[in-house]
Amino acid sequence: MTHPPPMRSLLDANGHARLGVFETTPEQVSWRRAAFRSPLGRRHGPLRRRLAYKQFEYFGIVAPDLFAGCALANIGWVGAAFMYVFVPSTGKMDAISVRRPFGMGLTLTDRPVDGHSHLATRPARVHLRYSRAGRSLQVETRSGIDIDATFSEGPEHCQPMSLCTQTARNGWVYARKIAGTRVFGHVKGAGVSLDLGEIGAFAHHDYSAGFMRRETFWNWACFTAQVGAQRVGLNVSCGVNETGFSENCLWIDGERLSVGPTHFDYSRHDLTAAWTVRSACGALDLRFTPCGRHTERLNAGLIASDFRQDFGYFSGVIQPAGRAAMTVRDIPGFCEDQFARW
């Protein structure tokens, strides 16, 4: 199901989310007018809706010898952020994690087209700015992590993935993702100061929000690189955004191509073990070898999180429907294992 532009809001006049895969991005994604009810039909008030609504935004940067990223999240009871720079050749990593009750100091935009999300705390200041031309990230920290990165969007650059799926009986999740696009600017941290244009870096971005399951789990994989003469990006997941529609896709020179259901095989006990990522449609047969990771763990009874994002390299075969097979070797990307109770 596709929806032609323009789409002013994800919600219709009755507060119900539009479901489907969209060719454009909704100008507003918000909990405020949502007709969110309990599974048995009781309408929730503003406070209950606000606490049930989860939102997170992630900006990732990769190059052959660099992994950098920044995430901002509001899960109702807690606002959280993390940012890191990792250099595989040296094994050095700088990272900061921030948590604030009820999201104090954190503002996440409900406008994924032209909004501005920001974090203002003593350890770190972050700005994620959105425009129709692209996305930009600025990070300044007391520990020395410094990121100023921008990538472009539009028909000549990359076609975003934008969709909304039903969650359980009474919820919905909106996601907008992009990969396989060049990024420019600089990154400082982990003992290096790098010009992203000079090292040929790529970016990916994730804007996700909605009324998720009380207990949520997912796996996710993403890479973005130059493969021969083509720019290639990948975004696949298992556990979320699969009710009737799927976020799984490849980008080749900015064109978005659908990928079928995807299975992740990995070990939670041996963190050095390789992952396999395979799609049922035959488009993906990949091996992911981790070289580092960022982890977050919280167990506060009412809320809990066990998050692992591995950095590493993908090798294998990509064969989108109707296209020739493409062999990839040691291209940088991420795999995630996430559990949340929120």
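Residues numbered from 1 in each chain as written. Predicted model: local features only at pLDDT ≥ 70, side-chain atom pairs only at ≥ 80, totals over all residues. Heavy atoms only, no water.

**Here we look at the pairing of strand 7 (residues 116–120)**
Only one face of strand 7 is buried, namely the one carrying Ser 117 and Leu 119, since none of His 116, His 118 and Ala 120 on the opposite face is buried. Across two bridges, strand 6 (residues 106–107) lies against strand 7 in antiparallel orientation. Within the sheet, the bridge partner assigned to Leu 106 lies in strand 7 and is Leu 119. Pairing between strand 7 and strand 8 (residues 124–131): five bridges, direction antiparallel. (Buried < 20%, exposed > 50% of the residue type's maximum accessible area, 1.4 Å probe, protein only. Helix = DSSP H or I, 4+ residues; strand = E, 2+ residues; numbered from the N terminus. Pairing = 2+ DSSP bridges.)

**Description of the sheet that holds strand 18 (residues 249–252)**
Taken in spatial order, the nine strands line up as 19-18-17-16-24-23-22-21-20 in an open sheet, and their pairing is antiparallel. The strands lining the two open edges of the sheet, one partner per strand, are strand 19 (255–258) and strand 20 (262–265). Recorded for the sheet is a direction-independent mean angle of 20° between the axes of neighbouring strands. With nine bridges joining them, strand 16 (residues 215–227) and strand 17 (residues 230–238) adopt antiparallel strand pairing. (Axes fitted to C-alpha atoms, helices over the stretch in contact; angles between N-to-C directions.)

**Considerations on unusual backbone geometry**
The phi dihedral of Phe 102 is positive, around 55°, even though this residue is not glycine. Phe 102 gets classed as exposed once you look at its relative accessible area, which sits at 56%. Unusually for a residue other than glycine, Ala 190 sits at a positive phi of about 55°. Secondary-structure assignment places Ala 190 in the loop between strand 13 (184–189) and strand 14 (192–195).

**Considering a nonpolar patch on the surface**
Taken together, the side chains of Trp 77, Phe 102, Met 104 and Leu 302 make up a nonpolar region of the molecular surface, amounting to roughly 430 Å² of accessible area. Here Met 104 lies in the loop between strand 5 (92–101) and strand 6. (Patch = residues over 30% accessible without salt bridge, like charges linked within 9 Å, V, L, I, M, F, W, Y side chains within 5 Å. Areas by Shrake-Rupley, 256 points an atom, 1.4 Å probe, with all protein chains shown as cover. Salt bridge = Lys/Arg side-chain N within 4 Å of Asp/Glu carboxyl O.)

**Notes on the packing of aromatic side chains**
Going through the model one piece at a time under the given rule, you end up with 27 aromatic pairs. When the centroid spacing of 6.2 Å and the interplanar angle of 70° are considered together, the rings of Tyr 53 and Trp 172 count as edge-to-face. Of this pair, Tyr 53 sits in strand 2 (residues 53–63) while Trp 172 sits in strand 12 (residues 171–182), and the two are 119 residues apart along the sequence. With a centroid separation of 6.4 Å and 65° between ring planes, the pair formed by Tyr 174 and Tyr 207 is classed as edge-to-face. With Tyr 174 in strand 12 and Tyr 207 in strand 15 (residues 202–211), this pair connects stretches of sequence that are 33 residues apart. Accessibility expressed as a relative area gives 0% for Tyr 174, which makes it buried. Among the residues examined, Tyr 207 registers a relative accessible area of 1% and is labelled buried. One aromatic cluster is present, built from ring pairs that chain together Tyr 58, Phe 67, Phe 82, Tyr 84, Phe 86, Trp 220, Phe 307, Phe 311, Tyr 313 and Phe 334. In this structure, Arg 135 is placed above the aromatic ring of Tyr 130, and the distance from its NZ or CZ to the ring centre is 4.6 Å. (Phe/Tyr/Trp six-rings, centres within 6.5 Å; stacked < 30°, edge-to-face > 60°. Lys NZ or Arg CZ within 6 Å of the ring centre and 35° of its normal.)

**A few points about the sheet that holds strand 14**
The strand order across the open sheet built from seven strands is 6-7-8-9-10-13-14, with neighbouring strands paired in antiparallel fashion. Bordering the open sheet on either side are strand 6 and strand 14, each of which pairs with just one other strand. Here strand 9 (residues 134–141) pairs with strand 10 (residues 146–152) via seven bridges, running antiparallel. Along strand 10, the bridge assignment pairs Gln 138 with Asp 148.

**A closer look at the side chain of Glu 27**
On the secondary structure map, Glu 27 appears in the loop between strand 1 (20–22) and helix 1 (46–52). A relative accessible area of 13% means that Glu 27 is categorised as buried. A polar atom in the side chain of Glu 27 sits 3.3 Å from the side chain of Arg 132. What Glu 27 contacts, discounting residues up to four positions off in sequence, is Met 7, Arg 8, Asp 110, Arg 111, Pro 112, Val 113 and Arg 132. (Polar contact = N/O pair within 3.5 Å; in protein donor to acceptor, adjacent residues only side chain to side chain. Contact = heavy atoms within 4.5 Å.)

**Brief notes about the layout of surface pockets**
Each pocket or cavity is described by its volume, and for the largest pocket that value is around 740 Å³. As for the largest pocket, its lining consists of 44 residues, of which Phe 56, Ala 73, Trp 218, Gln 338 and Trp 342 are closest to the centre. Among the residues making up the lining of the largest pocket, the classes are represented as 21 nonpolar, twelve polar and eleven charged. (1 Å grid on protein atoms, 1.4 Å probe; cavity = no way out; pocket = protein on both sides within 12 Å on 5 of 7 lines; lining within 4 Å. Points joined across faces, edges and corners; volume = space filled by probe spheres on them. Nonpolar A, V, L, I, M, F, W, Y, C, P; charged D, E, K, R; others polar.)

**Comments concerning the side chain of Ser 9**
Relative to the assigned elements, Ser 9 resides in the segment before strand 1. Owing to a relative accessible area of 11%, Ser 9 belongs among the buried residues under this scheme. Reaching out from Ser 9, the side chain makes a polar contact with the backbone nitrogen of Leu 11 at a distance of 3.1 Å. Once residues lying within four places of it in the same chain are set aside, the contact partners of Ser 9 are Arg 18, Pro 26, Gln 28 and Arg 33.

**Quick word on the pattern of salt bridges**
For the coordinates displayed, the defined rule picks out 17 salt bridges. Its salt-bridge partner being Asp 310, residue Arg 308 comes within 2.9 Å of it at the nearest N-O pair. Judged by relative accessible area, Asp 310 falls into the buried class, the value being 0%. By sharing partners, the salt bridges in this structure join Arg 8, Glu 27, Arg 111, Asp 114 and Arg 132 into a single network.

**Looking at empty space enclosed by the protein**
The full count for this structure, using the stated rule, is one cavity of 30 Å³ or more. For the largest cavity, the calculated volume is near 40 Å³. Lys 177, Ile 178, Ala 179, His 204, His 205, Asp 206, Trp 220, Cys 222, Asn 235 and Trp 251 together form the lining of the largest cavity. Listing elements by their share of the lining of the largest cavity, those giving two or more residues are strand 12, strand 15 and strand 16. Taken together, the residues of the lining of the largest cavity break down into five nonpolar, three polar and two charged.

By themselves, these are just geometric observations and shouldn't be taken as functional.
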